[in-house]
Amino acid sequence: MAIFEGSFTNASTLKVGIIVARFNDLITNQLLSGCLDCLKRHGLDITETSNELDIVWVPGSFELPIAAKNLLKKTKYDVVIALGAVIRGETSHYDVVISEASKGISQVSYDNNVPIILGVLTTDSMQQALERAGIKNNLGWNYALQAIEMGSLIKKLN
Ligand code: INI
């Protein structure tokens, strides 16, 4: 019997891409900072000269999938993290944005055989989003942990 599990010990063996939506950037900048803090503390080089990390900015969560698709054309990433914030109270096309973003992200992930972490916060209010992006907990940290786990797991399975 073989048991395969992701490892959290050395993120520097991974090549990580992060795609961040500028829409609601008060929230997404916080998610990005939580993410980077976690990756750094797990050994990934997050400096400007790093070969282990690339960051791509897009206008909104709707554009996360197309950016992921093109990012994966150029370079072999072990894992990609897609960060966005969709707030129900602030938009009438909440459902369209979140549905297209999540559908597109899973499709690009399967098509390229690369895990893409769905780091899009969906909340009913800005207050809830703030709470999940740092005031209480920063889910950016969790997204990065999930990325380290999945990136290392898929490497082991191949
Ligand atoms: N994009 C988001 O990331 N979050 C939102 O809450 C949001 N709202 O409110 O509409 C949003 N819209 C922009 C969308 O993602 C696209 O950038 C835009 O429609 C252009 O394609």
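The structure reproduced in this document is the subject of the present report. What you are looking at is a predicted structure, and each value in this text was computed from that prediction instead of being measured. (Residues numbered from 1 in each chain as written. Predicted model: local features only at pLDDT ≥ 70, side-chain atom pairs only at ≥ 80, totals over all residues. Heavy atoms only, no water.)

1. Notes on the sheet that holds strand S3 (residues 79-87)
How we decide: Should DSSP find at least two bridges between two strands, the strands are regarded as paired. Each helix is a run of DSSP H or I of at least 4 residues and each strand a run of E of at least 2, with the numbering of both proceeding from the N terminus. Angles run from 0 to 180 degrees between N-to-C directions of axes, and those axes are lines fitted to C-alpha atoms, restricted for helices to the stretch in contact. Should any heavy atoms of two residues lie within 4.5 Å, those residues are counted as being in contact.
The parallel open sheet is built from 4 strands, whose spatial order is S2-S1-S3-S4. Sheet topology places strand S2 (53-58) and strand S4 (116-123) at the edges, where each strand pairs with a single neighbour. Strand-to-strand, the axes of this sheet are offset by a mean angle of 15 degrees, without reference to chain direction. Relative to S3, strand S1 (residues 16-21) runs parallel, the two being bridged by 5 bridges. For Ile18, the partnering residue across the bridge sits in S3 and is Ile81. Taken strand by strand, helix H5 (residues 139-157) contacts S3 and S4, and its axis lies near 160 degrees from that of S4.

2. Examining the side chain of Thr28
Put simply, the test is: Working definition: with a 1.4 Å probe on protein chains only, accessible area under 20% of the residue-type maximum means buried, over 50% means exposed, and in between means partly exposed.
Position of Thr28 among the secondary structure elements: in helix H1 (residues 25-41). In this structure Thr28 comes out as buried when scored by relative accessible area, which is 0%. With sequence-adjacent residues up to four places away left out, Thr28 is seen in contact with Val20, Ala21, Arg22, Phe23, Trp57, Gly84 and Ala85.

3. A look at the packing of aromatic side chains
Short version of the rule: Any two of the Phe, Tyr and Trp rings considered here, Trp counted by its six-membered ring, make a pair once their centres fall within 6.5 Å; the pair's planes then place it as stacked at under 30 degrees, edge-to-face at over 60, or tilted in between. Only when the NZ atom of a Lys or the CZ atom of an Arg is both within 6 Å of the ring centre and within 35 degrees of the ring normal do we say a charge sits over the ring.
In this structure the tally under the stated criterion is 0 aromatic pairs. Positioned above the aromatic ring of Tyr94 is the side chain of Arg88, whose terminal nitrogen or guanidinium carbon lies 4.2 Å from the ring centre.

4. Thoughts on the packing of H1 against H5
Put simply, the rule is: Roughly parallel means an angle under 35 degrees; roughly antiparallel, over 145; roughly perpendicular, 65 to 115; everything else is oblique. In this scheme the crossing of two helices becomes right-handed for a clockwise turn of the near helix relative to the far one and left-handed for an anticlockwise turn of less than a right angle. For this scheme, ten residues count as nonpolar: Ala, Val, Leu, Ile, Met, Phe, Trp, Tyr, Cys and Pro. Four count as charged, namely Asp, Glu, Lys and Arg, and the remainder, Gly too, count as polar.
Two elements in contact, H1 and H5, have axes whose closest approach is 7 Å; the angle formed by their N-to-C orientations is 45 degrees. If you check the angle between H1 and H5, you find them oblique. The two elements H1 and H5 meet at a crossing, and its hand is right-handed. Of the residues in H5, those in contact with Leu31, Gly34, Cys35, Asp37, Cys38, Leu39 and Arg41 of H1 are Leu139, Gly140, Trp141, Tyr143, Ala144, Leu145 and Ile148. A breakdown of the residues in the contact of H1 with H5 according to their chemical character gives 10 nonpolar, 2 polar and 2 charged.

These figures come from the coordinates and say nothing about function on their own.
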